[in-house]
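Residue-level structure breakdown
Letter by letter, the chains look like this.
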Amino acid sequence: MQGRIDLAKYQQEREAAIEHDRKVRELRRVASPLEEMIASGRTPQSVREMMNPEPVSVAADTSVEDAMHLMREQRISSVICEPGEDGAWGIMTQRDVLARIVSAGRRPADVKVTTVASKPLVTVPAEMSLQECAEKMSKENIRRVVVVQDDGRPVGIISDTDIFAAVEQFGLPE
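Here, residues in each chain are numbered from 1, in the same order as that chain's written sequence. Reporting of local features is limited, given that this is a predicted model, to residues whose pLDDT is at least 70; pairs of side-chain atoms are given and counted only at 80 or more, and all residues count toward the totals for whole chains, interfaces and linings. Hydrogens are left out, water is left out, and the side-chain values use all remaining heavy atoms of the structure.

Some words on the sheet that holds strand β3 (residues 90-93)
Spatial strand order, β1-β2-β3: three strands in an open sheet with mixed pairing. Two strands lie at the open edges of the sheet, namely β1 (57-58) and β3, each paired on one side alone. We call two strands paired when DSSP finds no fewer than two bridges between them. The way it works is that DSSP assigns letters per residue, a run of H or I at least four long becomes a helix, a run of E at least two long becomes a strand, and they are numbered from the N terminus. Where β1 lies against strand β2 (residues 78-81), two bridges are found, and the strand directions are parallel. When the sheet's bridge partners are listed, Val-58 is paired in β2 with Cys-81.

This is the structure in structure tokens:
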């Protein structure tokens, strides 16, 4: 038997299909981490498994008005403020806008995100347990924390809603 199978082409097509499937799974995990965790049969143990791994950030000198438009377009409730002159990361939430702009009677177009953002940023490492993260959030009286890598750069956000959903679905991790 002499076949004319192009093994290199077959292998390349197979690798491309595997890579495509991996990308699709990753997109689903980013969009719906809880649903993907349920589908995979795994129980989340750490912040990394439940965080939103694509936090939206804006420059420190962005107007609050522009940041508000971005938040509505992206359907998110917070943006990370990149370091400005002070060198500190921050986070601006809808609650910050209500407290520091709306209730103070300030015009969002006239205020920069850096003056409204909560600083210093409350952060956690990606490998922190969900229980430890919930404890930190309770102690700090906040609804979300920023997940950082070793150099302090933000790589995700996890909220009380994310942790609540994980515990409701899976119970407390052992």
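Continuing now.
Digging into the pairing of strand β6 (residues 154-159)
Only protein chains enter the accessibility calculation, which uses a 1.4 Å probe. A residue is then buried if its area is under 20% of the maximum for its type, exposed if over 50%, and partly exposed in between. Of all six residues in β6, five are buried, a share of seventy percent or more. As judged from the five bridges shared by strand β5 (residues 144-148) and β6, these two strands associate in the antiparallel manner. Looking across to β6, one finds that Val-145 is bridged to Ile-158. The hairpin formed by β5 and β6 contains five residues between the paired strands, and Gly-152 there has a positive phi angle of roughly 90 degrees.

Description of the sheet that holds β6
One open sheet accounts for three strands, arranged β4-β5-β6; its pairing is mixed. In the strand order of this sheet, the two ends are held by β4 (123-125) and β6, each with one partner. This sheet shows a mean twist of 40 degrees between the axes of neighbouring strands, independent of strand direction. Pairing geometry for β4 and β5, over three bridges, is parallel. Bridge assignment links Thr-123 to a residue of β5, and that residue is Val-146. In this fold helix α7 (residues 130-140) packs onto β4, β5 and β6, with an angle of close to 80 degrees to the strand it touches most, β6. What counts as an axis is a line fitted to C-alpha atoms, over the stretch in contact for a helix, and the angles between N-to-C directions run from 0 to 180 degrees. Between two residues, a contact is recorded if the distance between any of their heavy atoms is within 4.5 Å.

Side note on the environment of Val-113
Secondary-structure assignment places Val-113 in helix α6 (residues 113-116). In sequence terms Val-113 and Ser-63 are 50 residues apart; their C-alpha atoms lie 5.7 Å from each other. Among all residues touching Val-113, those that are not within four sequence positions of it are Val-58, Ala-60, Thr-62, Ser-63, Val-64, Ala-67, Cys-81 and Met-92.

Concerning the side chain of Ser-63
With respect to the element layout, Ser-63 can be found in the loop between β1 and α4 (64-74). Given the relative accessible area of 8%, Ser-63 is considered buried. Setting aside its immediate chain neighbours within four residues, Ser-63 contacts Pro-108, Ala-109, Val-111, Lys-112 and Val-113.

Comments concerning the layout of surface pockets
Cavity and pocket criteria rest on a 1 Å grid covering protein atoms alone: a 1.4 Å probe that fits but cannot get out defines a cavity, protein on both sides within 12 Å along at least 5 of 7 lines defines an open pocket, and an atom within 4 Å of a point defines a lining residue. Grid points are joined across faces, edges and corners, and a volume is the space filled by probe spheres set on the points. Considering only enclosed or pocket space, the second largest pocket measures out at about 280 Å³ in volume. Taken together, 17 residues make up the lining of the second largest pocket; nearest its centre are Ile-91, Thr-93, Ile-142, Arg-143 and Arg-144. Broken down by secondary-structure element, the contributors of at least two residues to the lining of the second largest pocket are β3, α5 (94-102) and β5. For this classification, Asp, Glu, Lys and Arg are treated as charged, while Ala, Val, Leu, Ile, Met, Phe, Trp, Tyr, Cys and Pro are nonpolar and the rest, including Gly, are polar. Broken down by class, the residue content of the lining of the second largest pocket amounts to seven nonpolar, five polar and five charged.

Take it as geometry only, folks, not as evidence of what the structure does.
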